[in-house]
Amino acid sequence: MSERIYINDNWKFTQQYEESMQQADYNDQNLPSVRLPHTCKEVPFHYFDEKIYQMVSGYRRKIYAPKSWQGRRVILTVDGAAHESEVFLNGKKIGEHHCGYTAWSMELTRNLKLGEENILVVKVDSRESVNIPPFGHVIDYMTYGGIYRDVYLDVKEQNYLRDVFVHSKVKTGARPKVWAFTETRWKEEAKDCILRQYIRRKGSEDYQKVWEEGIKGKKCRTSFRVQAPELWDTEHPALYEIKTELVQGEKVLDEKVVVCGFRKAEFKTDGFYLNDRKVKLRGLNRHQSYPYVGYAMPRSMQELDADILKRELGLNAVRTSHYPQSHYFLDRCDEIGLLVFTEIPGWQHIGDQAWKDQAVKNVRDMVMQYRNHTSIILWGVRINESQDDDAFYRRTNDMAHKLDPYRPTGGVRFIKKSSLLEDVYTYNDFSHDGRTPGCEKKLSVTPDPKKAYLISEYNGHMYPTKAYDCEEHQTSHAIRHANVLEGAAGQTDIAGSFGWCMFDYHTHKDFGSGDRICYHGVMDMFRNPKMAAEIYACQQEERPVLSLSSSMDIGEHPGCNRGLIWIFTNADSVRMYKNGYFLKEYTREDSPYKHLKHGPIAIDDFIGDLLEKQESMKPAQAKEVKNLLNTVARYGLTNLPKSVYPRIVKLLTVYRMKPAQAVELYNRYVGDWGGTSTVYSFEAVKDGKVVKTITKKPMESLHLNVEADHVNLQEDHTYDVAAVRIRALDENENLLSFYQEPVLLELEGEAELIGPKVIALQGGMGGTYIKTKGKAGTARLKIKAAQAEEVEISFEIRTGGRAE
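Description of the structure in this document. The written sequence of each chain sets the order in which its residues are numbered from 1. Given that this is a predicted model, residues contribute local features only at a pLDDT of at least 70 and side-chain atom pairs are listed and counted only at 80 or more, while totals for whole chains, interfaces and linings are drawn from all residues. Excluded from the side-chain calculations are hydrogens and water; all other atoms, namely the structure's heavy atoms, are used.

## Some details on the overall build of the protein chain
- Counting secondary structure elements, the protein chain contains 11 helices and 48 strands.
- Computed over C-alpha atoms, the radius of gyration of the protein chain comes to 30 Å, within 12% of the 28 Å expected from 2.2 N^0.38 for 804 residues, which places it in the range of a compact globule.
- For the protein chain, the spread of C-alpha atoms along the principal axes amounts to about 105 × 60 × 55 Å.
- Burial status across the protein chain gives 58% buried among its 804 residues.
- Computed with the Shrake-Rupley method and a 1.4 Å probe, the accessible areas treat only the protein chains shown as cover for residues. Put simply, the protein chain shows about 32,700 Å² of open surface, and 47% of that area lies on carbon and sulfur atoms. Counting from the N terminus, the helices are DSSP H or I runs at least four residues long and the strands are E runs at least two residues long. Our radius of gyration looks at C-alpha atoms and nothing else; its globule reference is 2.2 Å times the residue count to the power 0.38. Only protein chains enter the accessibility calculation, which uses a 1.4 Å probe; a residue whose area is less than 20% of its type maximum is buried, one above 50% is exposed, and one in between is partly exposed.

Below, the structure is given as structure tokens:
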């Protein structure tokens, strides 16, 4: 049987690789010991030169090879190292790899010294001058460096299973039918071998044998009917485990367990269908980067991003821009029902023939390594936003279809009527500017209307938005996202859309806001939500959402005019109160967004029936005055629409009102100018019950809201990390977006901080990360800031799950 040994610990690291590192007598005592995942250079939060992580670094580790490995094969796998790598064992070169985003495996057997320590060295080139994708021109994201994913050894028999690919045929209905097919390859010609296969629901106890037969050659195909199957979908992602055994005599030489779901996923002329049910894809683009450490984060952080996308943002899909991402992230997408569009590395530039050849290899590696992920519904086989190159893209499409004929291909472009070799026309639609329609029509973009059409990016650079931008800017950002979602939802022949993007990210000097950050996210880099995140969160039903686009503070706005204020909610209705007095109940039918399940709702009444009750106006006059005052509240005195003028004349002539009276009423009931501050409160009602409330009033006290995604940290193959999100809130849990004060982080115990000990909140938000150090025990984080009480979080750390 095979044995897997993770070797993520005890690496010696240098930022200046030397050939002498390969030798047994090399003195590495002065080199720091590091654990994987590892970044070759931690970076500041912002304002730094991207050259600081571009280097040729070296990783050195001793590996003891017991004599019990005699007659077995030993295979090294590196899940990800940025970006060109060479491997040396005991001074001899074993191989090289030329992609920073796919895994690679190399057999060490011939060069291993059994019963001795062996010297394993990995040379990693993170310079952006290498002639491989995505490099060759400017890139709108930083690429970092280092061995940033897991590394492990597989000790196998001479003959072993190389690959098991599972796919299925699904017939939907009240009692669905599923036929599973497997394509299995093994290393050597099979002699007196049989292949056995078993199936069970993931997490259940007993396997059921479904296939057993003698085999010949180096590959075979098998099939079996799945009994009483449950289909995988976005709401109920049922997963199964299919175990394949390679058996010789009484000995199991090897086994592989593939976790998969059974589903029918199709892109058709009029959209995307999952299990014969039309589903509008609603997603965001995700980079795999984090503050300080770039790509180097373990399983827990990869899984957290998937959970945020599905649970917090209410999405059903994600695009892994612009490269294949961690299997831990994809595993979690499989588990929670998050659909995935994944693609090869690249950004606009197409290089020379050697560069193209490597891109085709990247397609091969991507498909081979990721094709058992049920969540993946589309292969991206074009370089993102590149020009047409039919000869090149015939090769990438052919490679994907050869290795996985059961999934369609797409290719992200920004060109209308581009040469379409793929199965789905995937297009970056940046046409919306806040005034234009949310998206373009399919027929105006794609050259073949019979093929499916998908919007792969929107917004982004069209309206960069920081967490500390003013209300008007953040509101416009949010509404732009709503406009595109509305536009895509309203066109029945668009399969869906992926907004740009999930969170802010580091980028090169050629892009961003001058501080090496692209502020294109609906979240900040620590995954704190900006206002635009609420647009997406409203579309889910698992947790109640209620928020406003305004703090209701008049002094924040020009002329003290709040302008148009939006309610974001997924409730059935929202009740609005002013100083405890009921004004109006808004329902989802009040939203102008008729194609969104829960569109933003504009507040159009600050008065209710107060004019009748407090000013003793008759209903007819009260109605005219209320309409005028609410219109002024929205547009201001200097931007009133001409349709208001007849009302003004009517009030002056029919009701004999004077302008001074109108100004006085406005200040009293809408403008809140010159009087006591107003308290606004809102209740979200769902199924007849109040599920969430918010109160907007001048703050009286401040506190830090500190949330760790998990406090029971478990080391498995390597260290664990907890994400800590920090927000400054008032006594009513409203974000204090202008609180930009320093926050002091003090950590003691068996953990360490990632990043600095003093941070500054931006837009009232920030964060940090807690990293385990290889020892069981506890850790305690204290967070301190001016005006706020100290907050403390305790962590429990366990190490029993480690394989080393």
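## Digging into the pairing of strand 18 (residues 240-248)
- Counting buried positions over the nine residues of strand 18 gives eight, a clear majority of the element.
- The sheet contact formed by strand 15 (residues 193-201) and strand 18 spans nine bridges and is antiparallel. From the neighbouring strand, I194 faces strand 18, where its bridge partner is V247.
- In this antiparallel pair of consecutive strands, strand 18 and strand 19 (residues 251-260), the connection spans two residues, and G249 shows a positive phi of 65°. Between any two strands, at least two bridges found by DSSP are needed for them to pair.

## A short note on the pairing of strand 12 (residues 151-156)
- Along strand 12, six of the six residues are buried, which leaves the element largely enclosed by surrounding structure.
- Of the two faces of strand 12, the one holding V151, L153 and V155 and the one holding Y152, D154 and K156 are both buried throughout.
- As defined by bridge partners, strand 1 (residues 3-6) adjoins strand 12 across four bridges and the pair is classed as antiparallel. Bridging across to strand 12, R4 finds its partner in D154.
- Where strand 5 (residues 73-78) lies against strand 12, six bridges are found, and the strand directions are antiparallel. Opposite V78, over in strand 12, you have V151 as the bridge partner.

## Overview of the environment of E707
- Among the secondary structure elements, E707 is positioned in strand 40 (residues 702-708).
- Two residues form a contact once any of their heavy atoms are found within 4.5 Å. Leaving out residues up to four positions away in the same chain, E707 has contacts with A723, V724 and R725.

## With respect to the packing of aromatic side chains
- Classification of ring pairs uses Phe, Tyr and Trp, with its six-membered ring standing for Trp, and accepts pairs whose centres are within 6.5 Å; under 30 degrees between planes counts as stacked, over 60 as edge-to-face, and the remaining range as tilted. One pass over the structure, following the stated rule, counts 29 aromatic pairs.
- Arranged with centres 6.4 Å apart and planes meeting at 20°, the rings of Y17 and F88 form a pair that is stacked. One end of the pair, Y17, is in the loop between strand 2 (11-14) and strand 3 (33-34); the other, F88, is in strand 7 (residues 84-89), and 71 residues separate them in sequence. One exposure class covers both Y17 and F88, and it is buried.
- One aromatic cluster is present, formed by Y53, Y101, Y141, Y144, Y148, Y295 and Y323 through successive ring pairs.
- Over the ring of Y198 we find K243, and its NZ or CZ is 5.0 Å from the ring centre.
- By definition here, charges over rings are those cases where NZ of Lys or CZ of Arg is within 6 Å of the ring centre and within 35 degrees of the ring normal. The ring centre of Y273 lies 4.5 Å from the NZ or CZ of K268, which sits over that ring.

## Some words on the sheet that holds strand 39 (residues 689-696)
- Spatially, four strands are ordered 36-35-38-39 in an open sheet, and the strand pairing comes out antiparallel. Of all strands in the sheet, those with a lone pairing partner are strand 36 (581-587) and strand 39, marking the two edges. Neighbour to neighbour, the strand axes of the sheet diverge by 20° on average, direction disregarded.
- As paired elements, strand 35 (residues 573-578) and strand 36 share six bridges and run antiparallel to each other. Residue pairing for strand 36: K578 is matched across the bridge by Y581. Axes, fitted as lines to C-alpha atoms, cover a helix only where it is in contact. Angles between the N-to-C directions of the axes lie from 0 to 180 degrees.

## Focus on unusual backbone geometry
- Note that the residue after L36, namely P37, is joined by a cis bond; omega there is 5°.
- Tracing the backbone shows P37 in the loop between strand 3 and strand 4 (56-65).
- Residues A82 and H83 are joined by a peptide bond in cis, for which omega reads 10°.
- Here H83 is to be found in the loop between strand 6 (81-82) and strand 7.

## Focus on the packing of helix 1 (residues 299-312) against helix 2 (residues 327-336)
- The interhelical angle for the contact between helix 1 and helix 2, taken along N-to-C directions, is 40°, at an axis separation of 8 Å. Here helix 1 lies oblique to helix 2, going by the angle between them. Both helix 1 and helix 2 take part in a crossing whose hand is right-handed. Contact residues: helix 1 offers R299, Q302, E303, D305, A306, D307, L309, K310 and R311, while helix 2 offers Y328, F329, R332, C333 and I336. Throughout this description, any angle smaller than 35 degrees is read as roughly parallel, any larger than 145 degrees as roughly antiparallel, any in the 65 to 115 degree range as roughly perpendicular, and the remainder as oblique. Left-handed describes a crossing in which the near helix is turned anticlockwise from the far one by less than a right angle; the clockwise case is right-handed.

## What about the sheet that holds strand 33 (residues 546-548)?
- Taken together, the three strands give an open sheet; going across it, the order is 33-34-37, and neighbouring strands pair in antiparallel fashion. For this open sheet the edge positions go to strand 33 and strand 37 (601-602), each flanked by a neighbour on one side alone.
- For strand 33 and strand 34 (residues 566-569), the ladder comprises three bridges, and the chain directions are antiparallel. Considered in strand 34, the bridge of L548 is made with I567.

## Here's the deal with the nonpolar core
- Core analysis: the largest hydrophobic core is formed by 153 residues, its most contacted members being Y59, L313 and L704.
- Sorting elements by how many residues they give to this core places helix 3 (residues 353-370) first, with seven residues.
- Aside from chain neighbours lying at most four places away, what touches L704 is I726, R727, A728, L761, I783, A785, A788 and V791. In this text, buried Ala, Val, Leu, Ile, Met, Phe, Trp, Tyr and Cys residues form a nonpolar core when linked through side-chain atoms within 4.5 Å.

## Comments concerning the environment of L339
- On the secondary structure map, L339 appears in strand 25 (residues 339-343).
- A residue is classified by how much of its surface remains accessible, and L339, at 0% relative accessible area, is buried.
- Sequence spacing of L339 and L315 is 24 residues, and the spatial spacing of their C-alpha atoms is 9.1 Å.
- When neighbours within four sequence positions are excluded, L339 is seen to be in contact with W232, T234, F272, L281, N316, A317, V318, S375 and I377.

## Thoughts on the pattern of salt bridges
- We define a salt bridge as a side-chain nitrogen of Lys or Arg found within 4 Å of a carboxyl oxygen belonging to Asp or Glu. Counting across every chain of the model gives 61 salt bridges.
- One salt bridge in this structure joins K93 and E86, with 2.9 Å as the shortest N-O distance.
- Since its relative accessible area comes to 44%, K93 is described here as partly exposed.
- We note a salt bridge from K93 to E96, for which the minimum N-O separation is 2.4 Å.
- In this structure, a network of salt bridges that share partners links the residues R196, K209, E212, K243 and E245.

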